[in-house]
Amino acid sequence: MAAPTLTDAPAQASWHEVVRATLKSNDVKLVVYVPDRVFTPLIKAIHDDPFFTTFAATREEEALGIVTGAWMGGMRAAVLMQTSGFATIPNALASLVVPSQVPALIFVSERGTLGEFNLGQAMVCKTMRPVLNSLGVETHTITRQDELAFIIDRSIKQAVATQAPVTFILSPLLTGGKVFAQ
Amino acid sequence: MSTSAHNAKVMNRFELTKRLVGHLKHDEAVIGGIGNANFDLWASGQRPQNFYMLGSMGLTIPIALGVAIAQPKRHVIALEGDGSLLMQLGCLSTVAMLAPKNLTMVLWDNGIYQITGNQPTASAATADLVAIARGSGLAKSAWAADEDEFERLFAEALKGGPTLIAARIDHKPAVGATDRDPVQIRERFMRGIGGKR
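Model, not experiment: these values are computed from the prediction. (Residues numbered from 1 in each chain as written. Chains lettered and ligands numbered in written order. Predicted model: local features only at pLDDT ≥ 70, side-chain atom pairs only at ≥ 80, totals over all residues.)

Caption draft 1: Region of the structure containing the environment of B:Met105. Residues and elements named next belong to chain B. Following the sequence through the fold, Met 105 ends up in strand β4 (residues 103–109). Along the primary structure Met 105 and Ala 157 are separated by 52 residues, whereas in three dimensions their C-alpha atoms are 9.2 Å apart. Ignoring sequence-local partners within four residues, the contact set of Met 105 consists of Ile 61, Ala 78, Glu 80 and Leu 164. (Helix = DSSP H or I, 4+ residues; strand = E, 2+ residues; numbered from the N terminus. Contact = placed C-beta atoms within 7 Å.)

Shown next as structure tokens:
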């Protein structure tokens, strides 16, 4: 199956260029993030593209609240966070996003696996998929660049059509992850 | 705007909610915070532009901010309690950073976690939430001295913000209670503000 045609990503684009272009081609105008080292080039690319409104929230659940409001106001919106930040949002998911049927687009930079050097990150990573599974949130772990645009593009369309949130876990296999500074 | 917390009159949330709603002439969106802020908003009349939170304590102002970003021509009002705001103080900094002109935050400060059994909040004795808001960068933050000043501050806020208006309120329970159907509440609100056709 062919990947979707992206509006302005070069043919050999980096993972973050593909994510930016796929958000744009799906009219996702608002991106609220809590910073993450691995996501830095994505955050920079989104800041540099005037199509987007983007800024940092102080907490991940705050970002989910903002995204929920924007969706209700007619604007598609995504949140970016790190694995440890995901651990702060189960209440916002379970008592707002999921029961209200809000297609929040949640991008998680995966820490805690494939070479993690911080035990705290490794432990919190183990909580993420069980939480998503128990809430029935559509979740994709993306490891391959050639599947990236297809998964995100189709899943955004599904989220909007079915009024349900979706989580994209961007694996270190895709992004390179964060490596221990020797 | 020089009234301090300790000399602001103690008012009633439902009475002030009714006065506030009386100023809404342009289909302004109102986000009611979880619990009694919600319940008194519901009891004041169920406008299609009202959103009632059923959980996610602390996210009233973030939700209102999201609506304000998506619809810059519509004024958005957040009704939040002191306990809820204390849970998510960072959102004041985010609002100040973005400075949306179409956002007004109303704080009902009764000094207690009323719905869970009247336990005291930090704002009952020590924390001054207007001072915290100002320190977060929200210059237009004020205690309402009495009902008339509350209305005057609110009318002024509708002309352009962001503004935070705090009211000391009594411990009387809310007058009503919301329905608890989140999909219906969200659908009605979206259609009420044209977020969905």
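Caption draft 2: Fine view of the sheet that holds strand β6 (residues 166–170) of chain A. Residues and elements named next belong to chain A. The parallel open sheet is built from 6 strands, whose spatial order is β2-β1-β3-β4-β6-β5. With one partner strand each, in any of the chains shown, β2 (53–56) and β5 (138–142) form the two edges of the open sheet. Across the sheet, the mean angle from the axis of one strand to that of its neighbour is 20°, orientation sign disregarded. The pairing of strand β1 (residues 28–33) with β2 spans 4 bridges and is classified as parallel. Within β2, the residue paired with Val 31 across the bridge is Thr 54. (Pairing = 2+ DSSP bridges. Axes fitted to C-alpha atoms, helices over the stretch in contact; angles between N-to-C directions.)

Caption draft 3: Focus on the pairing of β4(B). All names here are of chain B. Of all 7 residues making up β4, 7 are buried, and the element is well covered by its neighbours. Of the two faces of β4, the one carrying Leu 103, Met 105, Leu 107 and Asp 109 and the one carrying Thr 104, Val 106 and Trp 108 are both buried. Two elements, strand β3 (residues 76–81) and β4, share 6 bridges in a ladder whose sense is parallel. Bridging from a neighbouring strand, Glu 80 pairs with Leu 107 of β4. Taken together, the 6 bridges between β4 and strand β8 (residues 163–168) define a ladder with parallel strand orientation. When the bridges of β8 are listed, Thr 104 appears paired with Thr 163. (Buried ≥ 20, exposed ≤ 12 C-beta atoms within 10 Å, placed from the backbone.)

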